[in-house]
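Results of the structural survey
The chain contents come next:
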Amino acid sequence: MGAVRAVGIDVGMQAHHVVVVTGPGPGPGAPTPAVTEAHVIVLGRTGSLDELDAVCAHADAVGIDAPERQTDGCSLHAGTRGRCAEVALAANAHGLAARLLGGPVGMLTPPRHAPFPARLDWMHTGFELWRRLGASCPGVPILETYPSGSFRRLAAGVSPPVRLVPRGRRTAAVQRLALVAGMVELPPGAAVWGLDGVDALAAALAVYRMITGSGAVMAQHDHPGHDGSRIVLLA
């Protein structure tokens, strides 16, 4: 395998933050990948989504921090339902030996035919992005990522473990960037990125490391009737 190009997208209702990580394929002693592009795709601006199509068209994989679609989901607890990958991050259920570290997700995707709360409207933007990229980049694998879960895993894995700063704090982006700084060569301006850019970086790194076998995990179920949802996280 030659160079691997992975794109991470943090979905927003006004703009998508996009980071591209490029590096070698799997192999012993491979050098560290690098951030080679960073974009802010302002929604509603003429040509902005065409720009995003172009960024993703030649990727080896795209990671999107948003669910692909609504499904009938799995039962979780107290009558709630989530997509199978969300349940894998929330509970030991449906045959899983243990809950996968990184969950629970902060917002369960409403099942089909269920009320859709206004606070989750950003998911509709994500659904549309999945549809668009599936049509414009048909040969590119598109995977769901969960940066918050990735950072939770990384924070628990360092010695001593780190307590994550809440996302609303000014230092949240700095702390999370430090957790992935050893995995990737960062551009000079990364130190001033906001949390959206850092989340896009984590999404790109998750799919890059999945492709290269260098440290990623997949939250999913394989029970009969599972809905096919999968979420990639940094290991």
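Quantities reported herein were computed from a predicted structural model and do not represent experimental measurements. (Residues numbered from 1 in each chain as written. Predicted model: local features only at pLDDT ≥ 70, side-chain atom pairs only at ≥ 80, totals over all residues. Heavy atoms only, no water.)

Brief notes about the overall build of the chain
- Across its full length, the chain carries six helices and nine strands.
- Computed over the C-alpha atoms, the radius of gyration of the chain is 17 Å, within 12% of the 18 Å expected from 2.2 N^0.38 for a compact globule of 235 residues.
- Counting only C-alpha atoms, the chain reaches 50 × 50 × 40 Å along its principal axes.
- Burial statistics for the chain: of 235 residues in total, 49% are counted as buried.
- Contacts in the chain between residues far apart in sequence, at least 24 positions, make up 61% of those at least 6 positions apart.
- For the chain, the exposed surface amounts to about 11,000 Å²; the carbon and sulfur share of it is 56%.
- A gap of 8 Å separates the mean positions of the 19 positive and 18 negative side-chain charges of the chain. (Helix = DSSP H or I, 4+ residues; strand = E, 2+ residues; numbered from the N terminus. Rg over C-alpha atoms; globule rule 2.2 N^0.38 Å. Buried < 20%, exposed > 50% of the residue type's maximum accessible area, 1.4 Å probe, protein only. Contact = heavy atoms within 4.5 Å. Areas by Shrake-Rupley, 256 points an atom, 1.4 Å probe, with all protein chains shown as cover. Lys, Arg positive; Asp, Glu negative; His and termini not counted. Charge placed at Lys NZ, Arg CZ, Asp CG, Glu CD.)

Examining the environment of Ala-90
- Within the fold, Ala-90 resides in the loop between helix 2 (84–88) and helix 3 (122–136).
- Linking Ala-90 and His-77, residues 13 residues apart in sequence, is a C-alpha distance of 9.9 Å.

What about the pattern of salt bridges?
- In this structure the tally under the stated criterion is nine salt bridges.
- Where Asp-72 meets Arg-112, a salt bridge forms, and the shortest distance between an N and an O atom there is 3.3 Å. Taken together, the residues span a long stretch of sequence, with Asp-72 in the loop between strand 4 (61–65) and strand 5 (74–75) and Arg-112 in the loop between helix 2 and helix 3 at a distance of 40 residues.
- Taking the shortest distance from any N to any O, the salt bridge between Arg-83 and Glu-144 comes out at 2.8 Å. Taken together, the positions of Arg-83 in the loop between strand 6 (81–82) and helix 2 and Glu-144 in strand 7 (residues 142–145) put the pair 61 residues apart, joining distant regions of the chain. Note on accessibility: Arg-83 and Glu-144 belong to one class, buried.
- What emerges from the salt-bridge pattern is a single network uniting Asp-50, Asp-53 and Arg-132. (Salt bridge = Lys/Arg side-chain N within 4 Å of Asp/Glu carboxyl O.)

Remarks on the packing of aromatic side chains
- Within this structure, the stated rule accounts for one aromatic pair.
- Plain terms: the ring middles of Phe-116 and Phe-127 are 6.3 Å apart, the flat faces sit at 85° to each other, and that makes the pair edge-to-face. With Phe-116 in the loop between helix 2 and helix 3 and Phe-127 in helix 3, this pair connects stretches of sequence that are 11 residues apart. (Phe/Tyr/Trp six-rings, centres within 6.5 Å; stacked < 30°, edge-to-face > 60°.)

Focus: the sheet that holds strand 3 (residues 34–42)
- Taking strand neighbours across the sheet as the criterion, the seven strands line up as 3-2-1-4-7-9-8 in an open arrangement whose pairing is mixed. Looking at the sheet topology across the chains shown, the edges are occupied by strand 3 and strand 8 (216–219). In this sheet, adjacent strand axes meet at a mean angle of 30° when their direction is disregarded.
- In this sheet, strand 4 lies alongside strand 1 (residues 4–10) in parallel orientation, the contact comprising five bridges. Looking at strand 4, one finds that Val-7 is bridged to Val-62. (Pairing = 2+ DSSP bridges. Axes fitted to C-alpha atoms, helices over the stretch in contact; angles between N-to-C directions.)

Some words on the nonpolar core
- Within the largest apolar cluster, 32 residues are counted, with the highest numbers of intra-cluster contacts made by Val-21, Val-180, Leu-201, Leu-205 and Leu-234.
- Secondary structure elements with two or more residues in this core: strand 1, strand 2 (15–23), helix 4 (147–157), helix 5 (172–180), helix 6 (195–212) and strand 9 (231–234).
- The biggest single contributor to this core is helix 6, with 10 residues.
- Setting aside residues up to four positions removed in sequence, Val-180 forms contacts with Phe-151, Leu-154, Leu-201, Leu-205 and Leu-234.
- Val-20, Ala-59, Val-62 and Cys-137 belong to the second largest nonpolar core, which has 19 residues in total. (Core = buried A, V, L, I, M, F, W, Y, C linked by side-chain atoms within 4.5 Å.)

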